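The primary structure of each chain is shown beneath.
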Amino acid sequence: MNRRRRIYEGKGKILYEGPEPGTLIQFFKDDATAFNKKKHDVVDGKGVLNNRISEYIFTHLNRIGIPTHFIRRVNMREQLIKEVEIIPLEVVVRNVAAGSLSKRLGIEEGTVLPRSIIEFYYKADALDDPMVSEEHVTAFGWASPQEIDDIMALAIRVNDFLTGLFLGVGIQLIDFKIECGRLFEGEMMRIIVADEISPDSCRLWDTTTNEKLDKDVYRRDLGNLVEAYQEVARRLGIMNENEPLRPTGPVLVK
Ligand code: UDP
């Protein structure tokens, strides 16, 4: 057996060398972290759910011409992706006030924003991912003005798609985070959506009850995280209720 080369390990995922040049394998861990790792637990089955939900969303984004790094899911916890140069920004899109926006500006959670707002955070764990402006992004060379335009256009398209997708299954998209990367194809370079889109990176509220179906369940100790994520997967028609979240052993054929 060969050991795969580990390229990178983050809080929720591991990247391994892929089967061909220009590809990687993205492995979804069961680790749940919040408040920059100050809270950390292993939540059995979370990785499987995020892998499936992210696969579903990225497949649809690819189909409607929003480029992503996703190629295909390979097993319960892994997907094949295109290797990109990650832009060190968390791009947050907000439709409704919640979380850090509510805290920082004193706006009650649940207040619909006058329009969708895009924010940039610099990816640096040691600094707790500080919010930055376009000025910082261009001055420090994290992305060019043209790249910022491309990132914002992608973010708005993703927001429109996700808002409609979730509304159709009785879920309000409050906010979400994406990461973007540079994909090099010969002489050409383009910005594509990378990382994952899952209940770990979105705020999802039930449209009638406002019940939270996202990582706030974990951050705020509101109940069972896996049940909330399973509910999102069930509503999207991705997994049926009885599907196992871990590999089952051999089944006796009668
Ligand atoms: N988010 C994320 N990763 C982060 C920070 C935020 O995926 O490291 C997501 C988060 O789940 C929410 C949105 O980005 O959907 C906005 O998060 P916010 O700034 O309100 O921060 P939080 O309250 O989560 O600390």
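Quick note: structure is the one above.
Residues numbered from 1 in each chain as written. Predicted model: local features only at pLDDT ≥ 70, side-chain atom pairs only at ≥ 80, totals over all residues. Heavy atoms only, no water.

Engineer: Honestly, the site of the ligand in this entry has me stumped. Any pointers?
Structural biologist: Not every one of the 16 residues close to the ligand is listed here, only the nearest: Arg94, Ser100, Asp175, Arg203 and Arg219. Within the side chain of Glu90, one N or O atom sits 3.0 Å away from an oxygen atom of the ligand. Within the side chain of Arg94, a nitrogen or oxygen atom sits 2.7 Å from an oxygen atom of the ligand. When the free accessible area of the ligand is taken as 500 Å², the share hidden by the protein chains comes to 77%. Counting only elements with at least two residues in the shell around the ligand, the list comes to β9 (89-96), α2 (99-105), β12 (171-185) and β14 (202-206). Its residues assigned to classes, the shell around the ligand shows 5 nonpolar, 3 polar and 8 charged. (Near = heavy atom within 4 Å. Polar contact = N/O pair within 3.5 Å; in protein donor to acceptor, adjacent residues only side chain to side chain. Areas by Shrake-Rupley, 256 points an atom, 1.4 Å probe, with all protein chains shown as cover. Helix = DSSP H or I, 4+ residues; strand = E, 2+ residues; numbered from the N terminus. Nonpolar A, V, L, I, M, F, W, Y, C, P; charged D, E, K, R; others polar.)

Engineer: Just checking my understanding: could you explain the packing of aromatic side chains for this structure?
Structural biologist: The relative placement of two aromatic rings is captured by the distance of their centres and the angle of their planes. By the definition in use, this model includes 3 aromatic pairs. Seen in terms of ring centroids, Tyr122 and Trp142 are 3.9 Å apart; in terms of plane orientation they differ by 15°. Their pairing is stacked. Residue Tyr122 is located in strand β10 (residues 112-122), and its partner Trp142 is located in the loop between α3 (134-139) and α4 (145-167); the two are separated by 20 residues in the primary sequence. A relative accessible area of 22% means that Tyr122 is categorised as partly exposed. Of the residues examined, Trp142 reaches a relative accessible area of 15% and is grouped as buried. Ring centres of Phe140 and Trp142 lie 5.3 Å apart, and the angle between their planes is 35°; on these two criteria the pair is classed as tilted. What links up through ring pairs into an aromatic cluster is the set Tyr122, Phe140 and Trp142. Its end group placed over the ring of Tyr218, Lys39 keeps NZ or CZ at 4.6 Å from the ring centre. Lys212 extends its terminal NZ or CZ atom over the ring of Trp205, reaching a point 4.5 Å from the ring centre. (Phe/Tyr/Trp six-rings, centres within 6.5 Å; stacked < 30°, edge-to-face > 60°. Buried < 20%, exposed > 50% of the residue type's maximum accessible area, 1.4 Å probe, protein only. Lys NZ or Arg CZ within 6 Å of the ring centre and 35° of its normal.)

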